[in-house]
Amino acid sequence: MSDTQERWGIPGTYVFDLTLSRQGYAINKMCNSLKFDENREAFKADEEAYMERYGLSEEQKQAIRERDWLRLTQLGGNLFFFLKLGATLGYGLYTIGAQMRGESYEQFMSTRNVPGAT
Amino acid sequence: MGKIVAGIGSSHVPSIGRAYDQQKQTDPAWQPLFDGYEPVKRWLAEEVKADVVILVYNDHGTEFFLDCYPTFALGVADSYAVADEGYGKRPLPDFPGDAAFSEHLANHLVSDEFDLTLCQEMALDHGFLTAMPLLWDHDDTAWPVKVVPLLVNVIQHPLPTGQRCFKLGEAIRRAVEAYPEDTRVVVVGTGGLSHQLNGERFGHINEEWDKQWMQRIQDEPRELAALSHKEVMTEAGAEGGEVIMWFVMRGAMTERVEEVHRFYYAPMTTGIGLLALNNSD
């Protein structure tokens with residue numbers, strides 16, 4: 001259980017409260033910058049330098065190196081912002097979500113009512 | 001004098017916008033959704049005939065960043081741009097505002113003790129955009145209604161309570177009725193219903209809860225608004241907590257309401273709800 005789960009007590013859920021938001025501020029600030037094309041290019045050209053510029057912790061950098069979206073969430077990344085990182089790297093919402101559930105994309109889609117509605 | 005002539009609750013989901021732009025209206029996966037909105041679109045065009053739409057929504061990291069995040073923010077501009085959420089701008093016309101009406105709302109609501117952030121520029125993302133073309137026809141350049149965007153923080157806790165949102169709706173009603181022009185106003189509350197986009201519980205939806213909620217918001221909105229965020233999120237998912245934005249709409253309606261139309265569809269990761277209400281009293 002992470003801290004936010006202890007605070008809120010909802011299993012499998014990371015409520016984005018101010019404590020988590022402050023922990024993840026560097027991640028979200030960096031991801032927010034990726035709404036501009038020139039920044040996306042700069043990130044892709046040198047991920048390490050880009051992460052360094054925004055002051056991410058080593059743990060946060062490692063989660064991004066590993067494209068570990070669940071870990072990134074636990075460290076304060078907010079999906080609405082890290083979707084821009086996903087878009088930069090070619091990861092869509094359902095790919096990210098399946099990974100957070102510990103499932104393949106196909107497994108996840110098989111749990112949906114109308115998987116064609118994407 | 002101003003008058004609230006309808007209340008609409010409607011989910012906002014980016015994939016609906018993509019389906020609309022890609023003209024998937026008759027795609028088997030999407031047709032139920034577009035057909036579900038059609039009667040409300042017709043009712044709004046033929047009977048309601050609004051002049052202005054107050055649309056309650058949240059931004060998704062498009063226009064507002066966490067450096068300075070408003071709890072409630074009201075648009076007070078003559079026009080609002082369609083935002084680029086990172087995939088290119090949707091092919092929708094920008095929205096005409098009604099700055100005089102917004103200014104009236106701002107003055108009235110702040111003196112009624114709702115201390116809003118006031119925005120003279122506001123680019124609108126799918127939180128705002130999803131419902132608009134499903135509810136009002138547009139052409140390449142124009143919309144048939146003016147808009148007032150009202151943003152609620154449902155992203156970063158502490159969120160305003162459901163009760164606070166309901167009271168904001170009541171204050172909006174008082175403000176609208178104090179407007180000297182004969183202006184017909186629709187309030188649209190967006191967001192929800194159940195969905196969760198984070199953690200191991202990603203993809204959680206609760207169809208039973210959603211259906212009950214669409215009934216209870218009509219019959220016992222105050223009891224519903226008194227639920228804690230934790231209670232709502234436990235049932236409806238972390239992002240399902242954004243249903244509080246529907247209370248702004250409900251608070252702006254009369255004590256009793258008449259259901260004009262209801263639609264529900266939960267194809268992928270969101271319980272998509274549409275509720276059209278008329279004032280009864």
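Analysis parameters
- Residues numbered from 1 in each chain as written.
- Chains lettered and ligands numbered in written order.
- Predicted model: local features only at pLDDT ≥ 70, side-chain atom pairs only at ≥ 80, totals over all residues.
- Helix = DSSP H or I, 4+ residues; strand = E, 2+ residues; numbered from the N terminus.
- Rg over C-alpha atoms; globule rule 2.2 N^0.38 Å.
- Buried ≥ 20, exposed ≤ 12 C-beta atoms within 10 Å, placed from the backbone.
- Contact = placed C-beta atoms within 7 Å.
- UniProt positions renumbered as here; feature names shortened; annotations may be inferred.
- Core = buried A, V, L, I, M, F, W, Y, C linked by C-beta atoms within 7 Å.
- Nonpolar A, V, L, I, M, F, W, Y, C, P; charged D, E, K, R; others polar.
- Axes fitted to C-alpha atoms, helices over the stretch in contact; angles between N-to-C directions.
- Left-handed = near helix turned anticlockwise from the far one by under 90°.
- Pairing = 2+ DSSP bridges.

Peer 1: So what about the overall build of chain B? Which residues, and what values?
Peer 2: A count of helices and strands for chain B gives ten helices and ten strands. Relative to its length of 281 residues, chain B is compact, with a C-alpha radius of gyration of 17 Å against a globular reference of 19 Å. Summarising its shape, the C-alpha atoms of chain B cover approximately 50 × 40 × 40 Å along the three principal directions. Expressed as a percentage of the 281 residues in chain B, the buried residues total 54%.

Peer 1: Pulling in residues and values, what's your account of the overall build of chain A?
Peer 2: Scanning chain A from terminus to terminus reveals ten helices and zero strands. Across chain A, helices and strands are ordered from the amino to the carboxyl terminus as α-α-α-α-α-α-α-α-α-α. Here the C-alpha atoms of chain A give a radius of gyration of 15 Å, agreeing with the 13 Å that 2.2 N^0.38 yields for 118 residues. A total of 118 residues make up chain A; the buried ones form 37% of that total. For chain A, the share of sequence-separated contacts (at least 6 apart) that also reach a separation of at least 24 residues comes to 56%.

Peer 1: Can you lay out the UniProt feature "domain: Extradiol ring-cleavage dioxygenase LigAB LigA subunit" (unreviewed entry) in chain A for me, pointing to particular residues and giving the numbers?
Peer 2: Per the UniProt entry, the sites bearing "domain: Extradiol ring-cleavage dioxygenase LigAB LigA subunit" (unreviewed entry) are residues 27–113 of chain A in this numbering. Taken as a whole, residues 27–113 of chain A contains 72% helix and 0% strand, while its terminal C-alpha atoms sit 33 Å from one another.

Peer 1: Requested: an account of the nonpolar core, with residues and values cited.
Peer 2: All names here are of chain B. With 103 residues, the main nonpolar core has Ile54, Val56, Val187, Met245 and Val248 as its most contacted residues. With residues near it in sequence (within four places) discarded, valine 248 still touches Val56, Leu150, Cys165, Leu168, Gly169, Val187 and Gly189. In terms of nonpolar packing, the next biggest core, distinct from the first, is built from twelve residues, Ile16, Ala19, Leu33 and Met268 among them.

Peer 1: Provide a residue-level description of the interface of chain A and chain B, including the pertinent values.
Peer 2: If you look at the interface, chain A gives 34 residues, while chain B gives 28 residues. Broken down by secondary-structure element, the contributors of at least two residues to the side of chain A that touches chain B are helix H2 (18–23), helix H3 (25–33), helix H7 (69–74), helix H8 (79–89) and helix H9 (93–101) of chain A. With five residues, the single largest contributor to the side of chain A that touches chain B is H8 of chain A. In the side of chain A that touches chain B, the residues fall into 17 nonpolar, twelve polar and five charged.

Peer 1: Explain the packing of helix H6 (residues 162–177) of chain B against helix H10 (residues 244–252) of chain B to me, and be specific about the residues and the numbers.
Peer 2: All names here are of chain B. Interaxial distance between H6 and H10 falls to 6 Å at its minimum, and their mutual angle equals 35 degrees. In this structure, the crossing between H6 and H10 has a hand that is right-handed. For the pair formed by H6 and H10, the contact residues are Gly162, Cys165, Phe166, Lys167, Leu168, Gly169, Glu170, Ile172 and Arg173 on the first element and Ile244, Met245, Phe247, Val248, Met249, Arg250, Gly251 and Ala252 on the second. Of the residues belonging to the contact of H6 with H10, the class tally is ten nonpolar, three polar and four charged.

Peer 1: For the environment of aspartate 51 of chain B, give the residues involved together with the corresponding values.
Peer 2: Residues and elements named next belong to chain B. By secondary structure assignment, the location of aspartate 51 is in the loop between helix H2 (31–48) and strand S2 (52–57). When the 18 C-beta atoms within 10 Å are taken as the criterion, aspartate 51 is described as partly exposed. Note: C-alpha distance between aspartate 51 and phenylalanine 128 (77 residues apart in sequence) is 18 Å. Filtering out sequence-adjacent residues up to four positions away, aspartate 51 remains in contact with Val145, Lys146, Thr183 and Arg184.

Peer 1: Explain the pairing of strand S8 (residues 184–190) of chain B to me, using residue names and the numbers behind them.
Peer 2: Residues and elements named next belong to chain B. With respect to burial, S8 is a largely interior element, six of its seven residues being buried. Across seven bridges, strand S1 (residues 3–10) lies against S8 in parallel orientation. Note that in S8 the partner of lysine 3 across the bridge is arginine 184. In the sheet, S2 pairs with S8 via five bridges, with the strands oriented parallel. When the sheet's bridge partners are listed, valine 52 is paired in S8 with valine 185.

Peer 1: Residue-level account of the sheet that holds strand S6 (residues 117–119) of chain B, with values.
Peer 2: All names here are of chain B. Spatial strand order, S6-S3-S7-S2-S8-S1-S10-S9: eight strands in an open sheet with mixed pairing. Looking along the sheet, the strands with just one partner apiece sit at the ends: S6 and strand S9 (257–265). When the angles between neighbouring strand axes are averaged without regard to direction, this sheet yields 20 degrees. The strands that helix H7 (residues 207–219) touches are S9 and strand S10 (272–279); relative to S9, the one it contacts most, it runs at about 165 degrees.

Peer 1: Tell me about helix H9 (residues 229–236) of chain B, and please be specific about residues and values.
Peer 2: By the burial criterion, the buried members of H9 of chain B are His229, Val232, Met233, Thr234 and Ala236 of chain B. Glycine 237 of chain B sits one or two residues past H9 of chain B and shows a positive phi near 90 degrees.

Peer 1: Requested: an account of H10 of chain B, with residues and values cited.
Peer 2: In terms of burial, H10 of chain B is largely enclosed, as nine of its nine residues are buried. Turning to H10 of chain B, its buried residues number three or more, namely Ile244, Met245, Trp246, Phe247, Val248, Met249, Arg250, Gly251 and Ala252 of chain B.

Peer 1: Before we move on, can you summarise the pairing of S9 of chain B with the specific residues and values?
Peer 2: Residue and element names in this part refer to chain B. Here S9 runs beside S10; their pairing, made up of eight bridges, is antiparallel. Residue pairing in the sheet places histidine 261 in a bridge with alanine 276 of S10. Remark: six residues form the turn of the hairpin made by S9 and S10, two consecutive strands paired antiparallel.

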